[in-house]
Amino acid sequence: MAKDKKDKRSRAAPSATPTQMPKAPPSWPPFKPPLPVVDLTVDTLVQDKIVVLRSFFPRSLCRDYVSFLRELPLVTTPGKPKRGEAVRVNDRYQVDDPKFADRLWNETGLKEVVLRDEVAHLWGGEVVGLNPNIRIYRYSPGQYFDAHYDDSNNVTLSTDSSPAVSAKTTWTLLLYLTSPADGCIGGETVFYPHDRRSAKEEIAVSLETGMLLLHKHGQDCMLHEAREVTAGEKWVIRTDLCVKR
């Protein structure tokens, strides 16, 4: 019964189909300086549900990426969602790019820290990489993402140098490229641990430039929202952690 109840709650809109995505991935900027620039650590915000990796991207690289992302053909999401979907008002770009997902996994220090013995139990299985469905979000003043849950999805991971692997997503990955230090006010990611919006119970994660936020999704996803941005711009790179099916 619990599953049926959750299935009626607001969810993020489904990802675009391959035919809706740009045909050719963009030429993403190189990771300069080489990553990681600090010893990455997994800091727990909610046991087994929410963790962060601070300084995943240095500030200089975040600035380079924001400048690059501004030139992409972002599309404003519809103001009126379909039934069962949460209200989201932002600008986004979405592309299927296995090579960039592989770079984020293998060239940033992420793979090494995720596979450490002390955190390996978190991810729901054998982690094999990141979802090639790369999403870029820009929130300008007045834009937000109402309370919702993130679904788990079945995906196939493959690169030119490795065979295809059947996988499923288990954790949402959000890389924040801006913060109050860059003039972005508001935009916090807020979690509600008891499936209800309550100011007394909320867990608000403030933006930090270059910080990686990971939170569990699927059946164990916590209700969460992206608060309205009131000044500046919030830029986010989104993908997902994938485990072998």
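The structure presented is a predicted model; accordingly, all values stated were derived computationally and were not measured.

Here, UniProt's "domain: Fe2OG dioxygenase" (unreviewed entry) annotation points to residues 129–245. The distance from the first to the last C-alpha atom of residues 129–245 is 12 Å, and the span holds 0% helix and 57% strand.

Applying the stated rule across the entire model yields 14 salt bridges. Arginine 196 is paired through a salt bridge with glutamate 201; the nearest N and O atoms lie 2.4 Å apart. Close ionic contact of aspartate 220 with lysine 216 constitutes a salt bridge, the shortest N to O distance being 3.3 Å. Classification of aspartate 220 as partly exposed rests on a relative accessible area of 37%. Overall, lysine 216 belongs to the partly exposed group, its relative accessible area being 22%. Taken together, the shared-partner salt bridges connect Asp43, Arg54 and Glu208 into one network.

Moving on, we come to the packing of aromatic side chains. Summed over all chains, the structure comprises 11 aromatic pairs. Above the plane of the ring of phenylalanine 31 lies arginine 103, whose end atom (NZ or CZ) is 4.3 Å from the centre. A cation over an aromatic ring shows up here: lysine 234 above the ring of tyrosine 139, its NZ or CZ 4.8 Å from the ring centre.

For the chain, the mean per-residue pLDDT works out to 91, and 90% of the residues sit at or above 70. Confidence drops under a pLDDT of 50 for residues 1–7, and excluding neighbours within four residues, the segment shows eight contacts in the predicted structure.

We now examine the environment of tyrosine 144. Within the secondary structure, tyrosine 144 is located in strand S8 (residues 144–148). Judged by relative accessible area, which is 29%, tyrosine 144 ranks as partly exposed. What tyrosine 144 contacts, discounting residues up to four positions off in sequence, is Val87, Arg88, Val89, Tyr139, Ala226, Arg227 and Glu228.

The final tally for this structure, using the stated rule, is zero disulfides. Between cysteine 184, a free cysteine, and cysteine 62, which holds the nearest cysteine sulfur, the sulfur-to-sulfur gap is 12 Å. Not engaged in a disulfide, the cysteine cysteine 242 finds its nearest cysteine sulfur in cysteine 221; these two sulfurs lie 15 Å apart. Look at cysteine 242 and you get buried, because its relative accessible area is 0%.

What follows concerns helix H2 (residues 59–69). Taken together, the buried positions of H2 are occupied by Leu61, Cys62, Tyr65, Val66 and Leu69. Along H2, the residues classed as buried sweep out an arc of 140° about the axis, all on the same side. Where H2 is buried, its residues touch helix H3 (98–106), strand S7 (133–139), strand S10 (162–176) and strand S17 (234–244).

Before going further, it helps to examine the environment of glutamate 228. Along the chain, the position of glutamate 228 falls in the loop between strand S15 (223–226) and strand S16 (229–231). Sequence spacing of glutamate 228 and tyrosine 144 is 84 residues, and the spatial spacing of their C-alpha atoms is 4.3 Å. Sequence-distant contacts of glutamate 228, defined by excluding residues within four places in its chain, comprise Gly142, Gln143, Tyr144, Ile185, Gly186 and Gly187.

Let's shift gears to the sheet that holds strand S12 (residues 189–192). In spatial order, the strands read S4-S8-S15-S12-S13; together these five strands make up an open sheet with antiparallel pairing. The open sheet terminates on both sides in strands that have one partner only, identified here as strand S4 (88–89) and strand S13 (203–205). As paired strands, S12 and S13 are joined by three bridges and run antiparallel to one another. Bridge assignment links valine 190 to a residue of S13, and that residue is alanine 204.

Attention now goes to H3. All buried positions along H3 are accounted for by Phe100, Ala101, Arg103, Leu104 and Trp105. In this fold, the buried residues of H3 make contact with H2, helix H4 (110–114), strand S6 (127–130), S7 and S17.

Let us look at unusual backbone geometry. Along the chain, lysine 32 connects to proline 33 via a cis peptide bond; the corresponding omega equals 0°. Here proline 33 lies in the loop between helix H1 (2–7) and strand S1 (43–46). Backbone torsion omega between leucine 35 and proline 36 reads -5°, so that peptide bond is classified as cis. Note that proline 36 resides in the loop between H1 and S1. Positive phi outside glycine occurs at aspartate 195, with the angle close to 60°. Locating aspartate 195 in the fold gives a position in the loop between S12 and S13.

What counts, and where the lines are drawn
- Residues numbered from 1 in each chain as written.
- Predicted model: local features only at pLDDT ≥ 70, side-chain atom pairs only at ≥ 80, totals over all residues.
- Heavy atoms only, no water.
- UniProt positions renumbered as here; feature names shortened; annotations may be inferred.
- Helix = DSSP H or I, 4+ residues; strand = E, 2+ residues; numbered from the N terminus.
- Salt bridge = Lys/Arg side-chain N within 4 Å of Asp/Glu carboxyl O.
- Buried < 20%, exposed > 50% of the residue type's maximum accessible area, 1.4 Å probe, protein only.
- Phe/Tyr/Trp six-rings, centres within 6.5 Å; stacked < 30°, edge-to-face > 60°.
- Lys NZ or Arg CZ within 6 Å of the ring centre and 35° of its normal.
- pLDDT = per-residue confidence, 0-100.
- Contact = heavy atoms within 4.5 Å.
- Disulfide = S-S within 2.5 Å.
- Arc of directions from axis to C-beta.
- Pairing = 2+ DSSP bridges.

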